[in-house]
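A look at the structure
This is what each chain is made of:
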Amino acid sequence: MYSVGDCPVCPGAGPLLVLLTSDRSKAIYFCPFCETAWCSHPGNEVNEIKSLDAHAPEGVVPPSWHDLKVRGIERLVVKEVPYGDWQDELDRILGGPEALAET
Ligand SMILES: [Zn+2]
């Protein structure tokens, strides 16, 4: 999983992970700790707090590095986060580690 930094809502506690909507049309930034989601990189501003469902009612999928590159998001990535670090939270939103193998 790719992180673009700390979540602005709970800095230090949650990473801001990049996900894609299930139709791969949009990138979603999601914090598995506080479960806040953004449809653009929130930076340090917290103007809007929405749930993942609000941004991606059809669900989300994990992006591959290629997915990030074609969207120019790879420049924002600061680190890779092992799936296992947030396994419980990610299993719930992604449908398990099998989802990763498909990318
Ligand atoms: Zn957070």
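Each remark here, short or long, concerns the structure printed above.
Notes on the structure in this doc start here.

Quick notes on the rules
Residues numbered from 1 in each chain as written. Predicted model: local features only at pLDDT ≥ 70, side-chain atom pairs only at ≥ 80, totals over all residues. Pairing = 2+ DSSP bridges. Helix = DSSP H or I, 4+ residues; strand = E, 2+ residues; numbered from the N terminus. Buried ≥ 20, exposed ≤ 12 C-beta atoms within 10 Å, placed from the backbone.

A look at the pairing of strand E1 (residues 2–6)
In the sheet, E1 pairs with strand E6 (residues 79–80) via 2 bridges, with the strands oriented antiparallel. Its bridge partner being in E6, Ser 3 is matched across the sheet by Lys 79. Two elements, E1 and strand E2 (residues 15–21), share 2 bridges in a ladder whose sense is antiparallel. Bridged to Ser 3 within E2 is Leu 17.

Details of the environment of Gly 84
If you trace the backbone, Gly 84 turns up in the loop between E6 and helix H3 (87–94). You can call Gly 84 exposed: it has 10 C-beta atoms within 10 Å. When the C-alpha positions of Gly 84 and Met 1 are compared, they lie 9.7 Å apart, and in sequence the two are 83 residues distant.

Points about unusual backbone geometry
For Arg 24, which is not glycine, the phi dihedral falls at a positive 60°. Of note, Glu 35 is a non-glycine position whose phi angle comes to about 60°, a positive value. When you line up the elements, Glu 35 lands in the loop between strand E3 (27–30) and strand E4 (37–38).

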